[in-house]
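Listed below, chain by chain, are the residues.
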Amino acid sequence: MKAHKIALIPGDGIGVDVTDATMQVLNAAAARFGFALDATRFDWSCETYVATGRMMPENGIETLRGFDAIYLGAVGWPATVPDSVSLHGLLLPIRKAFDQYANIRPHRVLPGVEGPLKAQGFDILCIRENTEGEYSGAGGRVHHGRDNEVAVETAIFTRKGVERILRFGFEQARARRKHLTSVTKSNAQRHSMVFWDEVTQLLAPEYPDVTVSHMHIDAMAAKMVMAPQDLDVIVASNLFGDILTDLGAAIQGGLGFAASANICPDRSGPSMFEPVHGSAPDIAGKNIANPIAAIWSGAMMLEHLGESAAATAVLSAVQAATGQGVGIRPGSHGTGQITAAILNALEA
Ligand code: NAD
Ligand code: IPM
Ligand code: MN
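All of these numbers come straight from a predicted model, not from anything done at the bench.

Take the domain arrangement of the chain next. As far as domains go, the chain holds domain 1 (1-102 + 261-348) and domain 2 (116-251). For domain 1 versus domain 2, the separation of C-alpha centres amounts to 25 Å. The partner domain 2 presents twelve residues to the ten residues of domain 1 that form the contact. Here domain 1 and domain 2 share an interface that buries about 1000 Å² over both sides, 56% of which is from carbon and sulfur atoms. Of all residues in domain 1, Lys 96, Tyr 101 and Val 276 bury the most surface against domain 2, accounting for 55% of the area lost on that side. In this structure, Arg 164 and Asp 99 form a salt bridge, with 2.9 Å as the shortest nitrogen-oxygen distance.

As structure tokens, this is what we get:
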């Protein structure tokens, strides 16, 4: 039987609950479609950091390289480890080390879910640049704690980086409603964002079947709420994409619905799948985290592994569950109840 090697990093807080829920569903799908998920669990987390002084071992990246895919729950426990330490010790280095430059985040309102805007038919795909831009890590601080202290955090945009994420976006638009909106802030940021706009214009003639719009990030935030039906694929920089995808999640009905894939398109390294949300310390340990975002991310992993039929079945089961009213409002059902409804639908 075909077996895919998966590195499992549940992480912190609800990351653990939603990873367990996801693996139950993915294993059930694997059994039904005749393949196996050979999962190896890594307890890399803030707890590990407190015990060892590291989020992952020194050879963590090399260890992950041997897997077909990485599945991650969520990382962060600010009560014990500063977020800037935990995220730079695990999540962000993985995205960069394996050149997972395309962060794919689908935002769709599922059957039965209303969300705060009652945005039936809401269906956009955010393609977020995932390795450079505002997250490049270039910068520093001098004169710590003094009146003349200076902190610099430089956003870095390279032609290679901008061109490849835009091309990825154009390809995604081709496979959907053939409309791409490039999101920048080129009215205020006249170097990097004007450059981004120029690269978009340069590439557009190569994709004549795709219509292209340019929007500033502030206008896009309003558009996603007021007229999302005009949008299809959105391409944005690392930070802009981060913010817009929490907005997208909220329109979907909450953070518990937004899935995410960090893709290394040339497959030179493993890709990583994780929900958009974090470890949610406010609800951790209460069995009320919605596992749908995580399970949907798991379906994206199956698709990436070539198990399209299983991926489609998982997503259909999620939709069947919400269609029956399960998990449609924050707190309406527990993590276990939502998972059970999805498993039932999968087996039906
Ligand atoms: P968060 O996404 O963890 O939580 C934001 C809000 O959404 C909270 O009220 C939470 O209860 C709710 N929420 C999130 N996921 C939910 C779910 N599945 N079901 C129901 N409600 C859900 O964001 P935060 O509070 O800003 O961050 C908490 C920690 O997670 C921090 O350490 C942060 O750095 C980290 N974080 C990690 C990731 C990641 O690992 N990919 C992403 C975002 C935040
Ligand atoms: C996300 C998260 C991360 C990001 C954080 C935890 C560093 O918010 O995946 O959206 O900003 O990329
Ligand atoms: Mn985010």
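What follows is about the site of ligand 1. Close to ligand 1 lie 22 residues; Val 75, Asp 83, Gly 278, Ala 280 and Asp 282 are nearest. For ligand 1, an oxygen atom lies 3.1 Å from a polar atom in the backbone of Ser 279. Among the residues forming the shell around ligand 1, the class breakdown is 13 nonpolar, six polar and three charged.

Turning our attention to the sheet that holds strand S5 (residues 123-129). The strand order S2-S1-S3-S12-S11-S4-S5-S10-S8-S9 describes an open sheet built from ten strands, whose pairing is mixed. Only two strands of the sheet have a single neighbouring strand rather than two, namely strand S2 (35-41) and strand S9 (211-216). Averaged over neighbouring strand pairs, the angle between their axes works out to 25° when direction is ignored. Pairing of strand S11 (residues 261-263) with strand S12 (residues 271-273), which is carried by two bridges, proceeds in the antiparallel orientation. Paired with Ala 261 across the two strands is Phe 273, which belongs to S12. Along the sheet, helix H7 (residues 192-203) contacts S5, strand S8 (179-184), S9 and strand S10 (233-236); its crossing angle with S8, the most-contacted strand, is approximately 160°. Contacts from helix H9 (residues 238-252) reach strand S4 (102-108), S5, S8 and S10, with the element oriented near 20° to S4.

Of all hydrophobic cores here, the largest spans 84 residues; its most connected members are Leu 37, Ile 234, Leu 302, Val 314 and Ile 342. The residues that make up this core include at least three from each of domain 1 (1-102 + 261-348) and domain 2 (116-251). Contact partners of Ile 234, with chain neighbours within four places excluded, come to Ile 124, Leu 125, Cys 126, Ile 127, Thr 181, Val 183, Met 220, Met 224 and Leu 244.

Helical geometry: 3.6 residues make up each α-helical turn, so side chains three or four residues apart lie on a common side. The terminal C-alpha atoms of helix H1 (residues 14-33), which comprises 20 residues, lie 28 Å apart, in line with the 28 Å expected from a rise of 1.5 Å per residue. All buried positions along H1 are accounted for by Ile 14, Gly 15, Val 18, Thr 19, Ala 21, Thr 22, Met 23, Val 25, Leu 26, Ala 28, Ala 29 and Ala 30. Of the surrounding secondary structure, the elements contacted by the buried residues of H1 are strand S1 (2-11), S2, strand S3 (69-74), helix H10 (292-304), helix H11 (308-323) and helix H12 (335-347).

Taken together, Leu 87, Arg 95, Arg 105, Arg 128, Tyr 135, Asp 242 and Val 276 form the complete shell of residues around ligand 2. Contacts to ligand 2 include Arg 105, whose side-chain N or O atom sits 2.8 Å from an oxygen atom. One of the side-chain N or O atoms of Arg 128 is found 2.7 Å from an oxygen atom in ligand 2. Coverage of ligand 2 by the protein chains reaches 77% of its 320 Å² of free accessible surface. Classifying every residue of the shell around ligand 2 by side-chain character gives three nonpolar, no polar and four charged.

As a working rule, side chains carrying opposite charge can pair if their charged atoms are close by. In the structure shown here, the tally under the stated rule is 17 salt bridges. Put simply, Arg 176 and Asp 123 hold a salt bridge, and the shortest N to O gap is 3.3 Å. Here Arg 176, found in the loop between helix H6 (159-174) and S8, pairs with Asp 123, found in strand S5; they are 53 residues apart in sequence, far enough to count as distant. Take Arg 176: its relative accessible area is 25%, and that puts it in the partly exposed class.

Here is what the cut-offs are and how they apply
- Counting restarts for each chain, with residues numbered from 1 along the sequence as it is written.
- Following the order in which they are written, the chains are lettered starting with A and the ligands numbered starting with 1.
- The model is predicted, so local features are restricted to residues of pLDDT at least 70 and side-chain atom pairs to those at 80 or more, both for listing and for counting; the totals for chains, interfaces and linings are taken over all residues.
- Remark: hydrogens and water are excluded; side-chain values derive from all non-hydrogen atoms of the structure.
- The domain limits used here are those given by an automatic or database domain assignment.
- Here, residues are in contact when the closest pair of their heavy atoms is within 4.5 Å.
- The term buried area denotes the loss of accessible surface (1.4 Å probe radius) that occurs when two parts are joined, taken as the sum for both partners.
- The salt bridge definition used is simple: a Lys or Arg side-chain nitrogen within 4 Å of an Asp or Glu carboxyl oxygen.
- Throughout, near means a residue has at least one heavy atom within 4 Å of the molecule or strand.
- Polar contacts, as used here, are pairs of N or O atoms within 3.5 Å; protein pairs need one atom able to donate a hydrogen and one able to accept it. Residues neighboring in sequence count only if both atoms are side-chain atoms.
- Under the scheme applied, nonpolar residues are Ala, Val, Leu, Ile, Met, Phe, Trp, Tyr, Cys and Pro; charged residues are Asp, Glu, Lys and Arg; polar residues are all the others, including Gly.
- Two strands are counted as paired when DSSP detects at least two bridges linking them.
- Here a strand is any run of E in DSSP of at least two residues, a helix any run of H or I of at least four, and the numbering for each starts at the N terminus.
- For helices, the axis comes from a line fit to the C-alpha atoms of the stretch in contact; other axes are also lines fit to C-alpha atoms, and the angle between any two N-to-C directions lies between 0 and 180 degrees.
- Here, the term nonpolar core denotes a set of buried Ala, Val, Leu, Ile, Met, Phe, Trp, Tyr and Cys residues that are joined through side-chain atoms within 4.5 Å.
- Categorising residues by exposure relies on relative accessible area from a 1.4 Å probe, with only protein chains included: less than 20% of the type maximum marks a residue as buried, more than 50% marks it as exposed, and the intermediate range marks it as partly exposed.
- Expected span of a helix: the number of residues minus one, times 1.5 Å.
- Residue exposure ignores everything except the shown protein chains as possible cover, and the areas themselves are Shrake-Rupley values with a 1.4 Å probe.

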